[in-house]
2 protein chains.
Amino acid sequence: MSVQDVVIGLAGLGTVGSGLVTLLRDNATEIERRTGKRIIVKYVAVRDVTIKRDIPEHTKLIDNPLLMVEDPEIQVIVELMGGLGIAHTLIKEALLHGKSVVTANKALLAEKGEELFALAEEKNLSLAYEASVAGGIPIVQTLKDSLAGNKIKTVTGILNGTSNYILSQMSVNGTNFDEALKSAQELGFAEADPTLDIDGFDAAHKLKLLIRLAWGVHYPYEKLSVQGIRNMNAMDINFAHSLGYTIKLLGQTAQVNGEIEAGVSPYLVPEKAMLARVDGAFNAIHINGNAVGSLFLHGIGAGSLPTASAVLGDIMSLVKDIYDSTGYVMEKLPLAPMVNPEIMESPWYLRLMVHDTVGVLRDIAGLFAKQGISISQVIQKKKQEDGVPLVFMTYETSMKAMKQALHEMENSNILISKPVAYRVLEV
Amino acid sequence: MSVQDVVIGLAGLGTVGSGLVTLLRDNATEIERRTGKRIIVKYVAVRDVTIKRDIPEHTKLIDNPLLMVEDPEIQVIVELMGGLGIAHTLIKEALLHGKSVVTANKALLAEKGEELFALAEEKNLSLAYEASVAGGIPIVQTLKDSLAGNKIKTVTGILNGTSNYILSQMSVNGTNFDEALKSAQELGFAEADPTLDIDGFDAAHKLKLLIRLAWGVHYPYEKLSVQGIRNMNAMDINFAHSLGYTIKLLGQTAQVNGEIEAGVSPYLVPEKAMLARVDGAFNAIHINGNAVGSLFLHGIGAGSLPTASAVLGDIMSLVKDIYDSTGYVMEKLPLAPMVNPEIMESPWYLRLMVHDTVGVLRDIAGLFAKQGISISQVIQKKKQEDGVPLVFMTYETSMKAMKQALHEMENSNILISKPVAYRVLEV
């Protein structure tokens, strides 16, 4: 066995970048045994080159990542800067200069990916991104290769660890949303600006990539229906629990009669389902395929080493010359046949705050009936300071019918405060 | 996109073989979109060619699978006959004739694999076997590629669906072992001769392959410590439950100070662990790696379509020219540095049936103390027809110390019947 060097350039030395440098050092023997090659990091591009960094002696610190693109010695460029700006230029230039790319940049791939994937295909290069979805969980490879012989029916995932941590804290410790968010920020899970996480956009970025992998179609990111968990009320977590459900933020997509349903939103998940048991900052993905049946993957969805594990797996696959990005033999994927989220049907959980007066339940039931909505369960709770909580579980109902019923309730003076409505996951 | 044909030969048209034929027909569009190729089954080899089979019109039924090896048109041979006889010859001859092989034959690969893998490596061909371990769960690819950058610490799996179904039945429905086995046989999970399943040999075959993938070493199958679930007593399932555990048949392996611990045996698994929640005929594998942390995969471990899903994934990867069998760049793997199972330490669960006489507990405690075994919990149950059940949970103890203590008890007339001892899984 002769050992060759593979020379790579790394852009970004944050959480994941540092993790990668650590792994390349600590697991060097294993890497060499598995690939027959030594991986040498020639450059690390960072914003501030004056800060001392824990990198190998032979590695050059640079502040312009585009310098790496011009160096003929560099075989693979690893983009771990994030963002839609320089990262975008870097990946494009790398591909144009004949270099394969490994990235963990879900936002970029979700919003600008079609252009970059097509460029990689055109140049017969790889654009690898296992680390972009669910950290260390091998979901990209699973959908791309292992399940390649399946017609995928559904993909359902807990794709954002911060949101899941917040929901777990609220569920297990009874903390309210603001406290749980603060705790997530103190532990370093949540960013100072947690918008991407708690408003569902991060999960939506990943969902867009999952749809691409599952069906080989382009579902434009901006068309996805996205609802996060901001201002989630502990009361609903408790009601859900008493009904046998846990509230989770899910990215959900299904192929129904050749069309793609997709969206991110809070769901009530039956407690017996594996997805209900995903605690803390874990991620998990449930896939249903026409051959494999039910497949569930659970692991650490973020953080330094777990994400770097996926980056390194991609680098090693590239070094073995075996990567193609989506697993479909075409430069440009067709547009997905998208189902309007308004007409997607599911059971719903609904919690209303009403006045304690005669006829309220009759009026509400009348508004449901008017929209053809069937009720499977009603729970009326004791009067609280801010009204009487009324909880409904419905049978299959479209968002459109639900919205219309809620709209009429809001206009009828029945409700004291804004209604809360979440989809219920069917398993 | 021009469509090429890939011509394959299939040996065996049992459960999995028929599943593969079904998938090749039903999912043909997806397969072509993902590979750019049409997969044509030229031959199906079966024992009895006079029986009418549901195969494509262009497919030839033959009774000698070795005929396919000589046909220059055949690119890949799929071995789904099972057994160690003709299957062995077929795979060897296929490789010698320059054809890659896909197989689901765990017994063959566990017992004769080193020779076959070395031959494939020497000939620069593929010997793919995703379907051999845990059916549709992509564990081979995960260990081989996705986690390639990890030092794997532990791999723990529920690897035999029949055993797990029997244990689930006993646990949930309170049926006894014989009834549960009979029900498994009636449902078609268990063979008429269930030895391979319930005595742990099938799980051991898979464990041998997992060790190979996790650490790139050869752990001879016949050196594995194997204990099955034959004659499992419902009483122990109940005791375990009252202590917060579920009994599962686990294949377990760990790298400890550079040496490999490995074995198949019943374990008490804490109910909070994901592995405890694997019900019925499902399989699941928990991996711990130094980068990825905890990763858990759960799916259908056997059956027609789930296993065929893995076979087809392998065929499609081959068609894309990207398969190597273990993910290590060497012809022959080194022998594993094996830990003697006798000195592997773990907590233990112990159930004794004793006489209702003064001083019994003192005598037993004395025998434990003599072997340096510390007790963490003792439960004495009400007297039953066949004696008084005494249940112990110990701290970390080697099998050697445990065996010695049990041996002394058996010689001391304290016990009414054979003691029951299972390891307790630490999570």
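The rules we used
Within each chain, residues carry numbers counting from 1 in the order of the written sequence. The naming scheme follows written order: chains are lettered A onward, ligands numbered 1 onward. Given that the model is predicted, a residue must reach a pLDDT of at least 70 before its local features are reported, and side-chain atom pairs must reach 80 or more before they are shown or counted; all residues, however, enter totals for whole chains, interfaces and linings. Think of the side-chain values as coming from all heavy atoms in the structure, minus any hydrogens and water. We count a stretch as a helix when DSSP gives it H or I for four or more residues in a row; a strand needs E for two or more, and each element gets its number in order from the N terminus. To get the radius of gyration, use the C-alpha atoms; to get the globule rule, take the number of residues to the power 0.38 and multiply by 2.2 Å. Relative accessible area decides the class of each residue, using a 1.4 Å probe on protein chains only: under 20% of the type maximum gives buried, over 50% gives exposed, and in between gives partly exposed. It only takes one pair of heavy atoms within 4.5 Å for two residues to be counted as in contact. Exposure was quantified through the Shrake-Rupley algorithm and a 1.4 Å probe, taking into account, for residues, occlusion by the shown protein chains and nothing else. Only four residue types enter the tally: Lys and Arg on the positive side, Asp and Glu on the negative side; His and the chain ends are excluded. The location of each charge is read from NZ of Lys, CZ of Arg, CG of Asp or CD of Glu. Note on ring pairs: Phe, Tyr and Trp rings are taken, using the six-membered ring of Trp, and paired if centres are within 6.5 Å. Classes follow the plane angle, with under 30 degrees stacked, over 60 edge-to-face and the rest tilted. Whether two strands pair depends on DSSP finding at least two bridges between them. Think of each axis as a best-fit line through the C-alpha atoms, taken over the contacting stretch in the case of a helix, with angles from 0 to 180 degrees between the N-to-C directions. Defined here as a combined quantity, buried area equals the accessible surface (1.4 Å probe) lost by two parts on assembly, summed across both. A pair is scored as a salt bridge if a Lys or Arg side-chain nitrogen falls within 4 Å of a carboxyl oxygen belonging to Asp or Glu. Counted as a polar contact is a pair of N or O atoms within 3.5 Å, where, for protein atoms, one must be capable of donating a hydrogen and the other of accepting one, and residues adjacent in sequence contribute only when both atoms are in side chains. The quantity known as pLDDT measures the predictor's confidence residue by residue, on a range of 0 to 100. The superposition of copies rests on a least-squares fit of C-alpha positions from residues with pLDDT of 70 or more in both. Remark: nonpolar core denotes a set of buried residues (Ala, Val, Leu, Ile, Met, Phe, Trp, Tyr, Cys) joined through side-chain atoms within 4.5 Å. Our angle categories are set so that under 35 degrees counts as roughly parallel, over 145 as roughly antiparallel, 65 to 115 as roughly perpendicular, and the remainder as oblique. Put simply, Ala, Val, Leu, Ile, Met, Phe, Trp, Tyr, Cys and Pro go in the nonpolar bin, Asp, Glu, Lys and Arg in the charged bin, and everything else, Gly too, in the polar bin.

## Focus: the overall build of chain A
Next, step 1: Counting its secondary structure elements, chain A contains 14 helices and 18 strands.
Next, step 2: For 427 residues, the compact-globule estimate of 2.2 N^0.38 gives 22 Å, and the C-alpha radius of gyration of chain A, at 24 Å, lies within 12% of that figure.
Next, step 3: Across its three principal directions, the C-alpha atoms of chain A cover 85 × 45 × 35 Å.
Next, step 4: Burial statistics for chain A: of 427 residues in total, 60% are counted as buried.
Next, step 5: Excluding contacts between residues fewer than 6 apart, the proportion of contacts in chain A whose partners are at least 24 apart in sequence is 72%.
Next, step 6: For chain A, the exposed area adds up to about 16,800 Å²; of that, 49% sits on carbon and sulfur atoms.
Next, step 7: Distance between charge centroids for chain A: 3 Å, based on 39 positive and 48 negative side chains.

## Description of the environment of L196(A)
All names here are of chain A.
Next, step 1: Position of L196 relative to the elements: it lies in helix α9 (residues 195–198).
Next, step 2: Accessibility expressed as a relative area gives 44% for L196, which makes it partly exposed.
Next, step 3: Expressed as a C-alpha distance, the spacing of L196 and N160, which sit 36 residues apart in the sequence, is 9.5 Å.
Next, step 4: With residues up to four places along the chain from it excluded, the contact list for L196 reads F201, D202 and H205.

## So, the packing of aromatic side chains
Next, step 1: Taken as a whole and judged by the stated rule, the model has seven aromatic pairs over all chains.
Next, step 2: Seen from their ring centres, Y349(A) and Y422(A) are 6.2 Å apart, and the 5° between their planes marks the pair as stacked. Note that Y349(A) is positioned in strand β14 (residues 348–354) and Y422(A) in strand β18 (residues 420–424), a separation of 73 residues in sequence.
Next, step 3: Between F368(B) and F392(B), the ring centres sit 5.0 Å apart and the planes meet at 70°, which makes this aromatic pair edge-to-face. Of this pair, F368(B) sits in helix α13 (residues 360–370) while F392(B) sits in strand β16 (residues 388–394), placing them 24 residues apart in sequence.
Next, step 4: What makes F368(B) buried here is its relative accessible area of 1%.

## Remarks on the sheet that holds strand β3 (residues 60–62) of chain B
Residues and elements named next belong to chain B.
Next, step 1: Spatial ordering of the open sheet is given by β3-β2-β1-β4-β5-β6, a layout of six strands whose pairing is parallel. The outermost strands of the open sheet, each flanked by one partner alone, are β3 and β6 (127–128).
Next, step 2: As defined by bridge partners, strand β2 (residues 37–45) adjoins β3 across three bridges and the pair is classed as parallel. Looking at the pairing, A45 lines up with I62 of β3.
Next, step 3: Those strands touched by helix α4 (residues 86–96) are β1 (4–11), β4 (76–79), β5 (100–103) and β6, and its axis lies near 170° from that of β4.

## Describing the interface of chain A and chain B
Next, step 1: With 58 residues of chain A at the contact, the number on the chain B side is 59 residues.
Next, step 2: Note on chain A versus chain B: buried area summed over both sides is about 4,800 Å², and carbon and sulfur give 50% of it.
Next, step 3: The tally of links from chain A across to chain B stands at zero salt bridges.
Next, step 4: The tally of links between chain A and chain B comes to 22 residue pairs in polar contact (both at pLDDT 80 or more).
Next, step 5: Elements with a contribution of two residues or more to the side of chain A that touches chain B: α1 (15–26), α2 (28–35), α6 (139–146), α10 (201–215), β12 (293–300) and α12 (304–319) of chain A.

## Things to note about helix α6 (residues 139–146) of chain B
Next, step 1: When you tally the buried positions in α6(B), you get eight out of eight residues, the bulk of the element.
Next, step 2: Where α6(B) is concerned, the buried positions are I139(B), V140(B), Q141(B), T142(B), L143(B), K144(B), D145(B) and S146(B).

## With respect to the confidence of the model for chain A
Residue and element names in this part refer to chain A.
Next, step 1: Taken over all residues, the pLDDT of chain A has a mean of 91, while the share at 70 or more is 97%.
Next, step 2: Within chain A, the lowest mean pLDDT, 89, falls on β18, and the highest, 98, falls on strand β4 (residues 76–79).
Next, step 3: Of the two predicted TM-score estimates for the complex, the pTM is 0.89 and the ipTM is 0.88.

## Section: the relation of the copies chain A and chain B
Between the two copies of this chain, the relationship is a rotation about some axis together with a displacement along it.
Next, step 1: The operation relating chain A to chain B is a screw motion whose rotation component is 180°, with 0.0 Å of axial translation and a residual RMSD of 0.1 Å. Both chain copies can therefore be described as sitting about a two-fold axis. Across chain A, the rotation axis passes nearest the C-alpha of L297(A), at a separation of 2.3 Å.
Next, step 2: A high fraction, 100%, of the interface residues of chain A reappear at the interface in chain B, so the copies pair face to face through one surface.

## Observations regarding the nonpolar core
Next, step 1: With 169 residues, the main nonpolar core has I139(A), Y349(A), I139(B) and Y349(B) as its most contacted residues.
Next, step 2: Beyond its immediate chain neighbours, meaning those up to four positions away, I139(B) contacts E130(B), V133(B), A134(B), L210(B), I285(B), I287(B) and L297(B).

## Things to note about unusual backbone geometry
Next, step 1: Within the chain, N413(A) stands out as a residue other than glycine whose phi angle is a positive 65°.
Next, step 2: Summarising the element assignment, N413(A) is placed in the loop between α14 (399–410) and β18.
Next, step 3: With phi around 60°, A134(B) is a residue other than glycine that occupies positive phi space.
Next, step 4: Looking at where A134(B) falls in the secondary structure, it is placed in the loop between β6 and α6.

## Here's the deal with the packing of helix α1 (residues 15–26) of chain B against helix α2 (residues 28–35) of chain B
Residue and element names in this part refer to chain B.
Next, step 1: Closest axis-to-axis distance for the α1/α2 pair is 5 Å, and the angle between their directions is 75°. Relative to α2, α1 is oriented roughly perpendicular. Residues L23, L24, R25 and D26 of α1 touch α2, and the partners they reach there are A28, E30 and I31.
Next, step 2: Within the contact of α1 with α2, the residues separate by chemical class into four nonpolar, no polar and three charged.

## Quick look at the environment of N64(B)
Residue and element names in this part refer to chain B.
Next, step 1: For N64, the position within the fold is in the loop between β3 and α3 (66–70).
Next, step 2: Counting along the chain gives 159 residues from N64 to K223, while the straight-line C-alpha distance between them is 34 Å.
Next, step 3: A distance of 3.0 Å separates a polar side-chain atom of N64 from the backbone nitrogen of L66.

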